[in-house]
Amino acid sequence: MTINQFLDEFQLKSDRITFLSIQHFLMKLYKDGDEIVNIEDTLSNYPLYLRYLNDFGGKIYKQYYSSIDEIYNNTCQIIGIEPDNQYLFNYRMARLELNDIARIMNIQNEDIKSQTVEKQFDEFQKLLNSKFYRENEETYKSRIVKLEKNFELLKQLIN
């Protein structure tokens, strides 16, 4: 199947902003008429959405009152793949691991520091509640335990 054929079929199943976003995304990876390879893997890769739709964000957010997350979930539903997958899980995990205790404690404003911890904890809860994590708990358990300990320590330090 060519990229053009895929997009023609996808357009019939999607809303306007999802189609425009996927068209924009895929045209950065393919040229008109290219044969598509493993499109499900490409379209389930959440970090690619962030990378290739970044310059399209204004249209998504302002003109269509949508979000990259909504585009991602709509796309996964249309092509019949699970949005709660390894790509999304690893993206969230990496972001949480990046914001270590020292980095958060260096925030000078106490309100912002507290809000940051709350937001990070909410993201952590998304990880714990994700279908992918529940199905692969043993693989990620040690990293999750480390994050739990970090949150416990952060809460003690902030209070």
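Remember, predicted model here, so these are calculated numbers, not experimental data. (Residues numbered from 1 in each chain as written. Predicted model: local features only at pLDDT ≥ 70, side-chain atom pairs only at ≥ 80, totals over all residues. Heavy atoms only, no water.)

Participant: Go over the confidence of the model for the chain with me, naming the residues and quoting the values.
Facilitator: Here the chain averages 92 in pLDDT, while 100% of its residues score no lower than 70. Mean pLDDT across the secondary structure elements of the chain bottoms out at helix H8 (residues 101-105), with 84, and peaks at helix H10 (residues 131-135), with 97. (pLDDT = per-residue confidence, 0-100. Helix = DSSP H or I, 4+ residues; strand = E, 2+ residues; numbered from the N terminus.)

Participant: Can you lay out helix H2 (residues 16-27) for me, pointing to particular residues and giving the numbers?
Facilitator: For an α-helix, 3.6 residues make a turn, and residues three or four places apart therefore share a direction. Under the 1.5 Å per step criterion, the end-to-end length of H2 is 16 Å for 12 residues, consistent within 8% with the ideal 16 Å. For H2, every residue scored as buried is listed here: Ile-17, Thr-18, Phe-19, Leu-20, Ser-21, Ile-22, Phe-25 and Leu-26. Check the buried side of H2 and you find it contacts helix H1 (3-13), helix H3 (39-43), helix H4 (46-52), helix H5 (57-63) and helix H6 (68-79). (Expected span 1.5 Å × (residues − 1). Buried < 20%, exposed > 50% of the residue type's maximum accessible area, 1.4 Å probe, protein only. Contact = heavy atoms within 4.5 Å.)

Participant: An account of the packing of aromatic side chains is needed here, citing residue identities and associated values.
Facilitator: What the rule picks out here adds up to 13 aromatic pairs. An angle of 85° between the planes, with centres 5.1 Å apart, marks the rings of Tyr-46 and Tyr-72 as edge-to-face. Of this pair, Tyr-46 sits in helix H4 while Tyr-72 sits in helix H6; the two residues are 26 residues apart in sequence, bridging distant segments of the chain. With respect to class, Tyr-46 is no different from Tyr-72; both count as buried. Here the aromatic rings of Phe-89 and Tyr-133 are separated by 5.9 Å at their centres, their planes lie at 5°, and the arrangement is stacked. On the criterion of sequence distance, the pair formed by Phe-89 in helix H7 (residues 86-98) and Tyr-133 in helix H10 is long-range, its members being 44 residues apart. On the accessibility criterion, Phe-89 (2% relative accessible area) is buried. For Tyr-133, a relative accessible area of 5% gives the class buried. Put simply, the rings of Phe-25, Tyr-46, Tyr-49, Tyr-52, Tyr-72 and Tyr-91 pair up and form one aromatic cluster. (Phe/Tyr/Trp six-rings, centres within 6.5 Å; stacked < 30°, edge-to-face > 60°.)

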